[in-house]
Every structure is written in structure tokens, then in C-alpha cells.
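Below are the chains, spelled out letter by letter.
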Amino acid sequence: MKLTRTRSTATAATAVLAVLTLATACNRGSAESVGSGGDKPAIGIDLPRSDSDFWNSYAQYLNKGIKTDGINALPISNSQNDVTKLVANVQVFENTGAKAVVMAPQDTGAIASTLGSLAAKKIPVISVDTRPEKGDVYMVVRADNRAYGTKACEFLGKQLGGKGKVAEFQGSLDSINGRDRSEAFAECMKTKFPKIKVFELPTDWKGDVASAKLQSLLAQNPDLNGIYMQAGGVFLQPTLALLQQKGLLKPAGQKGHISIVSNDGIPQEFDAIRKGQIDATVSQPADLYAKYALYYAKAAAEGKTFKPGPTDHDSTIIQLPNGLEDQLPAPLVTKDNVDDKSLWGNTVGQ
């Protein structure tokens, strides 16, 4: 694959699997794939959670990529949104010969010491979807999350004609993604749609929290006419269930419809768009996250390096204070393009 990069001397090592040690790791065996061994460098992979349709789709793509590309993956772990489990899982990777580690830390401020430990052992890290605030990373594989908030704001603002009341389900604000989406949405609304009142509802990425806060908000503001969900994978179903219960799930185009914009691009969101239950989502590329996480992990283990600049897959590598980030494209999906077969949400599982 042709990318903006320079090559350094490749290093390869045979991974030694310590089965007894692996058995003590947190949440081991949460994904079934282990790639072929041989003389290929071993890759440690931690999944961040299994309570989100988005992350479960990402896991499917990872498993497929491991098998297709013959990646020598150590048994995949799942830290279940718990940084202490992530730290323990990474220690197992260190002890079992990992030459690169793929992770998606949900608390981006609490992983610095672990990144420091990996750097000291010269084990490069690929961080998927989230950008650690401190600690060296080889590559962050991520879309522009500020663009998520801006795209959602612009679409929702136009849908509402520049006036109304909007509930915003904010992700965890100790996460770079939650902050990026929230800050960009707020700035856009303030600048372009000052007559729209936004109710910011912190949720810590939890669907039950979002549903409870939405119920309280609707009791006080029955004229709410817009919702921005920062993660459809956790917010979609509880939101639609609550609106259905209250008789507020009106199809798009019908009087009383609450305009809803989401983020993720999961199949369930696409179905909801087709039914007119929600209006749009930003497709976060689960397929590309998996593809390039594996690609960069393999490259890192082989000693290859990259430079900032455009790539051959419609993205741009940017320089961070603590590494590089490949900013992958994330298109807005509406009723006009929801059936596009190039969208991963229409092909996952095939």
C-alpha cells in the first residue's frame, strides 16, 4: 500500500505465547481470532468495550482482517471501558512478546503511564478512535471528531430552520472525542444558529443515562424539536424506545417530528433513517479503523515510519505533540445516500 512514509531497518521477532499467563488476563478470549504465527511479529489487540454496536462491528472487521492478512495476533482482550483492565491486558501483551499494541483507550487522560512503559520497551502503540493526551503513540487511527459536531450542527440547524430547542447527548468529557464533538457543536450553534437553545446533557457514553436525562428534559420542555446523539451505538435504541413510549416518535415530514442527528453509521441508524425515525448520522468508519489499525500495527512492528501528509486512501496524516494521526473520512448519511453500498453500515457482516 502506497502511503507517505519512509522506511527504516525492519525488525522482526518470533512471538512466544505464554498460555498460562494469558489465562490470568482481564477479559481474555472476548474475540475469537488469533492469526498465524511463524516468524511474523506478534500484535497485541485490546477492544475497548462490547456494549456498543459500533465497537462490536469494529471487532468483526478486526477478526476478518486478521484472518485475511495473516496477522500474528495474540489472543484479543476486551477492557470493557475499564482503564485498570486495559493496563492489565497490555501488561500481558508485554510479557508475551508483542511487537506492537492496538488499543482504543476510553479514558484518554489515564493511559499515559502505560504508554510510557510501552515506549520504554520500544513497543509502538496504535490508538484507535481516541487520541491519548499524554504518552507517545506511533499512530492514532481516527476521524476528525470536531467535524462530527460541526456536520451535526449544520444539518440539524437547517432542519429546524435556525430556531427551536435541541438536546445534546454528550459523550464523556474526559474523552477527547466527547470534548471535540461537544465543543465543535457548541461553537457552530452559537455562530450559525444563535436562536436554537441547546441543552447539553453529559452521559459518559451511557444509553440509560441519556434516556433518563431526556425524559426529565421533555417533562420541562415538551416543545423539544431536535436531538444530537454523539454515539448512536449506545444512544439510538433507548432514545427511540422513550420517544415511542411517549408518542413522540413521529416520522420525518410529519407534524411533531423531532429531528435527530447521530454519530456512528451502524446499520440500525441506517434503518432508522429509512423509516424516518432519525434524519442523519455521521458514518464513523469502523471498517477503516480496523483495516488501518492492523496496517499500522504491522508497519510499526516491522520498523517502518510515516510522515505528515496526504495518503492514498483519502485521508491526511497530521503531526501531534506525541505522535501522528491518520484522519480518516467520515461522511454525513441522510435519506439521500443511506443505501450507498460503499458505507460500511450497509455491508458489515457480509
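For clarity, every value in this text was computed on a predicted model and none was experimentally measured. (Residues numbered from 1 in each chain as written. Predicted model: local features only at pLDDT ≥ 70, side-chain atom pairs only at ≥ 80, totals over all residues. Heavy atoms only, no water.)

J.: Help me understand unusual backbone geometry, please; the structure alone is not making it clear to me.
T.: Trans is the prevailing form of peptide bonds, just as negative phi is the prevailing case for residues other than glycine. Positive phi, normally seen in glycine, also occurs at Trp 205, with a value near 60°. Note on placement: Trp 205 falls in the loop between β8 (196–202) and α7 (207–220). Even without being a glycine, Asp 314 presents a positive backbone phi close to 60°. Residue placement: Asp 314 occurs in the loop between β13 (309–310) and β14 (316–320). Asp 314 gets classed as exposed once you look at its relative accessible area, which sits at 70%. (Helix = DSSP H or I, 4+ residues; strand = E, 2+ residues; numbered from the N terminus. Buried < 20%, exposed > 50% of the residue type's maximum accessible area, 1.4 Å probe, protein only.)

J.: Looking at this model, I keep getting lost on the packing of helix α5 (residues 145–159) against helix α6 (residues 176–192). Mind explaining?
T.: Between two packed helices, what matters for the description is the angle formed by their axes and the separation of those axes. Interhelical geometry of α5 versus α6 gives an angle of 35° and a closest axis separation of 7 Å. Judged by the twist between their axes, the crossing of α5 over α6 is right-handed. Every residue of α6 that contacts α5 at Asn 145, Arg 146, Tyr 148, Gly 149, Thr 150, Ala 152, Cys 153, Glu 154, Leu 156 and Gly 157 is listed here: Asn 177, Asp 180, Arg 181, Glu 183, Ala 184, Phe 185, Glu 187, Cys 188, Met 189 and Lys 192. (Axes fitted to C-alpha atoms, helices over the stretch in contact; angles between N-to-C directions. Left-handed = near helix turned anticlockwise from the far one by under 90°. Contact = heavy atoms within 4.5 Å.)

J.: How do you make sense of the pattern of salt bridges when you look at a structure like this?
T.: Pairing between side chains of opposite charge can happen when the charged atoms of each approach one another. Scanning the model with the defined rule gives 15 salt bridges in all. A salt bridge links Asp 180 to Arg 142; its shortest N-O distance comes to 2.8 Å. Of this pair, Asp 180 sits in helix α6 while Arg 142 sits in strand β6 (residues 139–143), and the two are 38 residues apart along the sequence. Residue Asp 180 is classed as buried on the basis of its relative accessible area, which comes to 11%. (Salt bridge = Lys/Arg side-chain N within 4 Å of Asp/Glu carboxyl O.)

J.: What is the right way to look at the sheet that holds strand β3 (residues 77–78) in this model?
T.: In sheet architecture, strand pairing relies on hydrogen bonds along the backbone and comes in two forms, parallel and antiparallel. Read across the open sheet, the 8 strands follow the order β3-β2-β4-β5-β6-β15-β14-β13; overall the sheet is mixed. Because the sheet does not close on itself, it has two edges, and the strands there are β3 and β13. Of the pairings in the sheet, the one linking β14 to strand β15 (residues 323–328) comprises 5 bridges and is antiparallel in character. Paired with Thr 316 across the strands is Gln 327, a residue of β15. (Pairing = 2+ DSSP bridges.)

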